[in-house]
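# Coordinate inspection notes
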Amino acid sequence: MQSSEIDAVRQQAILSSLAGFPFLLIYSFVWIAAGALSYVVPSSFAPWLYLLGGVPAAPLAIALERRVGYIRITGPDPLLPLTLQILFVQIVAIPAVMIVWSLAPNYVPVAFAAVVGGHFLPFQWVYRTPLYGVLGVVVAGGAYLIGALFGQKSIHYTGFFVGAVLLAGAFLARSHAKATWLASQHAAPQGDATDAASPRR
């Protein structure tokens, strides 16, 4: 695949998903909800809130993505295998989180935030923005600082912190997608941005 084709595929990814806006938005609420519910559920169950929250969130994010993108992908997505491999990084890292759980359950959100932050890094290439590099460092580093500063209370605070960062990142990602959309409209006639996608609006 030539460089121009790769750039076109990456632009398609940005416009069809608003540069990941739906996933950042939905998962921001998942983290915030986990932080809030950790105050009311038994302490032994609180770590499960962070690990299981993504199960219902994923289909919601996918459904939202299909509704809000600037374009609709009508053909096979060439970046799908890469995206799935990036997402599976979190699953592969679960054993490390389980070790933390067995030793210090209240630090599970801190460990999981490090995994989430690390999996963001490749998306700065996919979506052509340093935003995901910043998100990765802030989520992982910030969660570590919360664990170091607040100890056992990080089971609560990490959820609010990561959720707030993801929420801010969601709207920054949407702004990036909008700028990409406007640039594509100035650079080419309506509908010519990619061969594999059709304009939605």
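Within each chain, residues carry numbers counting from 1 in the order of the written sequence. Under the rules for a predicted model, residues below a pLDDT of 70 receive no local features and side-chain atom pairs below 80 are neither given nor counted, while totals for whole chains, interfaces and linings still include all residues. Excluded from the side-chain calculation are hydrogens and water; included are all heavy atoms of the structure.

## A short note on the pattern of salt bridges
Here a salt bridge means any side-chain nitrogen of Lys or Arg lying within 4 Å of a carboxyl oxygen belonging to Asp or Glu. In the structure shown here, the tally under the stated rule is one salt bridge. We note a salt bridge from Arg-10 to Asp-7, for which the minimum N-O separation is 3.5 Å. Of the two residues, Arg-10 and Asp-7 are both situated in helix 1 (residues 3–17); the distance of three residues between them amounts to about one turn of the helix. The buried category is assigned to Arg-10, whose relative accessible area is 12%. The buried label goes to any residue with under 20% of its type's maximum accessible area, the exposed label to any with over 50%, and the partly exposed label to all in between, with areas taken from a 1.4 Å probe on protein chains only. Accessibility expressed as a relative area gives 30% for Asp-7, which makes it partly exposed. Starting at the N terminus, helices and strands are each numbered in turn, a helix being any DSSP run of H or I of at least four residues and a strand any DSSP run of E of at least two.

## Points about the packing of aromatic side chains
Any pair of Phe, Tyr and Trp rings, taking the six-membered ring for Trp, is counted once the centres come within 6.5 Å. Such a pair is stacked with planes under 30 degrees apart, edge-to-face with planes over 60 apart, and tilted for the rest. This structure, assessed with the given rule, holds twelve aromatic pairs. Aromatic pair Phe-23 and Tyr-27: ring centres 6.4 Å apart, planes at 10 degrees, arrangement stacked. Within this pair, Phe-23 and its partner Tyr-27 are both found in helix 2 (residues 21–37), separated by four residues, close to a single helical turn. Residue Phe-23 is classed as partly exposed on the basis of its relative accessible area of 27%. Overall, the relative accessible area of 23% leaves Tyr-27 in the partly exposed class. Clustering of aromatic rings is evident, with ring pairs tying together Phe-120, Phe-123, Tyr-127 and Tyr-132.

## Examining the nonpolar core
Take the buried residues of types Ala, Val, Leu, Ile, Met, Phe, Trp, Tyr and Cys, join any two whose side-chain atoms come within 4.5 Å, and each joined set is a nonpolar core. Core analysis: the largest hydrophobic core is formed by 46 residues, its most contacted members being Leu-24, Trp-31, Phe-112, Phe-120, Tyr-127 and Tyr-132. If you list the elements that add at least two residues to this core, you get helix 1, helix 2, helix 3 (46–52), helix 6 (94–103), helix 7 (108–120), helix 8 (123–126), helix 9 (131–150) and helix 10 (154–187). Those residues in contact with Trp-31, other than ones at most four positions away along the chain, are Tyr-50, Pro-109, Phe-112, Ala-113, Val-116, Thr-158, Gly-159, Phe-160, Val-162, Gly-163 and Leu-166. Only heavy atoms enter the contact rule, under which two residues are in contact if any of them lie within 4.5 Å.

## Re helix 9
Over its 20 residues, helix 9 extends 27 Å from the first C-alpha to the last, a length consistent with the 28 Å expected when each residue adds 1.5 Å. Looking only at helix 9, the buried set comprises Leu-131, Tyr-132, Gly-133, Leu-135, Gly-136, Val-139, Gly-142, Ala-143, Ile-146 and Gly-147. The elements touched by buried residues of helix 9 are helix 2, helix 7, helix 8 and helix 10. Just beyond helix 9, the residue with positive phi is Gly-151, at close to 55 degrees. The span expected for a helix works out to 1.5 Å for each residue beyond the first.

## Considerations on the side chain of His-119
When you line up the elements, His-119 lands in helix 7. Given a relative accessible area of 7%, His-119 falls into the buried group. Looking at His-119, its side chain comes within polar contact range of the main-chain oxygen of Val-116, at 2.7 Å. With residues up to four places along the chain from it excluded, the contact list for His-119 reads Ile-86, Leu-87, Val-89 and Gln-90. Distance and chemistry together define a polar contact, namely a pair of N or O atoms within 3.5 Å, with one atom able to donate a hydrogen and the other to accept it when in protein, and with adjacent residues in sequence counting only for side-chain atoms on both sides.

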